[in-house]
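Survey of secondary and tertiary structure
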Amino acid sequence: MTLSTMFLTMAAGMLRTCGIFALTLLGSLPLGMIVALLKKSRFSAVRALIDIYISVIRGTPLMLQLLVWYFGPYYLFGWSIRGWRFPSLIIGFVLNYAAYFAEIYRGGIESIPVGQYEAAEVLGYTKAKAFMRIILPQVIKRIMPSVTNEVITLVKDTSLAFTLAYQEVFSLAKQISASQTSFMPFVIAGVFYFIANYAVAFGMKRIEKALDYYR
Amino acid sequence: MIIEMKNIKKSFGGHDVLKDISFGVDSGEVVSIIGPSGSGKSTLLRCATFLETIDGGEIIYMDQKAAYTGTDGKAVYVQPNELRKFRSYCGLVFQQFNLFPHYSVLKNLTDAPIQVQKRSREEAEETAMELLEKMGIADKAKAYPYQLSGGQQQRVAIARALAMKPEILFFDEPTSALDPELTGEVLKVIRQLADEKMTMVVVTHEMPFAKAVSNRVIFMDGGVIVEQGDPKDVFENPQEERTKRFLRVFER
């Protein structure tokens, strides 16, 4: 295998890596907010359910969760899991990251001074409008550093897709390295991940800068 | 009367903060509420502005009941959508300003009128600029709260409350978070509003201000109104022993 074939094969894998990354963020960023708000629900049963969800997700390895989502339907219900690989992968990632984002959001929401809620209330904002217009924008600014951390971790965590033999860049690196007895695929994979994270860090910094107009 | 509060009772965790308080404010009247901390002054304002719910009693704005005592003795509030109307009657200026830091000064003044009262942007901005002009900070319209001094921030907060065109404006220790040299500029605008016959209730520790500006002074202690009346009478010739003791502290 020539170096350029190796590179092109892995670049295709990197596209799949980016696919997992993008879909996970697309699902988990909003879902995390829903979870964070449900955790403040006035129904104790809802709060308890959310607590269980978050502690199970945080208390078990993501790799294990991915295996459960992929093989669970077969072992539990005897269903065919054909075509289930990619959907189960995304479900596993989204539910995992939503739990972590939910905790970040909750921390951010709780850090907003109660005076902000009261000022909005006295001015007659509805609860929903006060949250969307007054609270949320301030929360987003405060949680940006934690979110950046989580997003960078996600870029690297996508490599766990290899447990389901999904052909993203890390799986391919392992396969090609074994078949070609070459160290090169790992180097290429490392460079890909590093470049991806460099881009993520750059993008997040731009967003933080854009939110820098107030304190 | 703009607001009438009758037999207000409020307790926090078994501690009675307001014990059967009644008071009313006429249109154009400026009332100062003085008293030691923990006397229930702030709680009274927070009940009047619906930030706290009363346990018993009546809150009446413009002859309409916002809350009344039900058959079981507990306070009953009107439906939430109707309560919004009552909220629009009153404004509150906080000790800590509580401006929205992510909005410019102008947007702090226009967002609620546009979003809550559904006024047009042009009208809201025009009103806002007039108010900022009056507060002497029209040049700060595009600034963000963090760029302003405490005194300027509090003047923005007063303008923000006025932008909603309330019938009555409540102040909860409006100068207590300010450096002494900045309190003057805030008291000046409140005095100016008093001259324009804005109906106001001011909880304050600024005795000379209370004496000079208000039509009536209320002295509260231990969740009750101990004494009230013309500022001259209350300050110079207090009847109650508790009032005398409190005022003596300020003479030193």
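Let me sum up the structure you'll find in this document. What you see is a predicted model; the values in this text were computed from it and never measured.

1. Quick notes on the overall build of chain B
Along the backbone of chain B there are nine helices and 11 strands. On C-alpha atoms alone, chain B measures out to a radius of gyration of 18 Å, which is about the 18 Å that the 2.2 N^0.38 rule sets for 252 residues. Taking the principal axes of its C-alpha atoms as reference, chain B extends roughly 50 × 50 × 30 Å. Within chain B, buried positions represent 57% of all 252 residues. Taking all contacts inside chain B whose residues are at least 6 apart in sequence as the whole, residues at least 24 apart take part in 63%. Accessible area for chain B stands at about 11000 Å²; split by element, carbon and sulfur atoms hold 45% of it. Once the 32 positive and 36 negative side-chain charges of chain B are each reduced to a mean point, those two points are 3 Å apart.

2. Section: the overall build of chain A
Across its full length, chain A holds eight helices and zero strands. Taken over the C-alpha atoms alone, chain A extends approximately 70 × 45 × 25 Å along its principal axes. With 215 residues in all, chain A has 43% of them scored as buried. Within chain A, counting contacts between residues at least 6 apart in sequence, those at least 24 apart form 75% of the total. Carbon and sulfur atoms make up 70% of the accessible area of chain A, which amounts to about 11500 Å² in all. Treating the 20 positive side-chain charges of chain A as one cloud and the 10 negative ones as another, the clouds have centres 5 Å apart.

3. Digging into the interface of chain A and chain B
Contacts between the two partners involve 19 residues from chain A, matched on the other side by 26 residues from chain B. Summing both sides of the interface, chain A and chain B together bury roughly 2200 Å²; the carbon and sulfur share of this comes to 58%. Ranking the residues of chain A by area buried against chain B places A:Val122, A:Leu123 and A:Arg133 at the top, with a combined share of 29%. B:Asp111 is the partner of A:Arg133 in a salt bridge, and the nearest nitrogen-oxygen pair spans 2.5 Å. Taken together, chain A and chain B are joined by 11 residue pairs in polar contact (both at pLDDT 80 or more). Elements that contribute at least two residues to the side of chain A that touches chain B include exactly α5 (114-122) and α6 (127-157) of chain A.

4. Let's talk about the pairing of strand β11 (residues 224-229) of chain B
All names here are of chain B. Sheet topology places strand β10 (residues 216-221) next to β11; five bridges connect them, and they run antiparallel. What sits directly across from Asp221, in β11, is Val224. If you look at the hairpin formed by β10 and β11, you'll find two residues sitting between the two strands, and Gly222 has a positive phi there, around 60 degrees.

The rules we used
- Residues numbered from 1 in each chain as written.
- Chains lettered and ligands numbered in written order.
- Predicted model: local features only at pLDDT ≥ 70, side-chain atom pairs only at ≥ 80, totals over all residues.
- Heavy atoms only, no water.
- Helix = DSSP H or I, 4+ residues; strand = E, 2+ residues; numbered from the N terminus.
- Rg over C-alpha atoms; globule rule 2.2 N^0.38 Å.
- Buried < 20%, exposed > 50% of the residue type's maximum accessible area, 1.4 Å probe, protein only.
- Contact = heavy atoms within 4.5 Å.
- Areas by Shrake-Rupley, 256 points an atom, 1.4 Å probe, with all protein chains shown as cover.
- Lys, Arg positive; Asp, Glu negative; His and termini not counted.
- Charge placed at Lys NZ, Arg CZ, Asp CG, Glu CD.
- Buried area = accessible area lost by both parts, 1.4 Å probe.
- Salt bridge = Lys/Arg side-chain N within 4 Å of Asp/Glu carboxyl O.
- Polar contact = N/O pair within 3.5 Å; in protein donor to acceptor, adjacent residues only side chain to side chain.
- Pairing = 2+ DSSP bridges.

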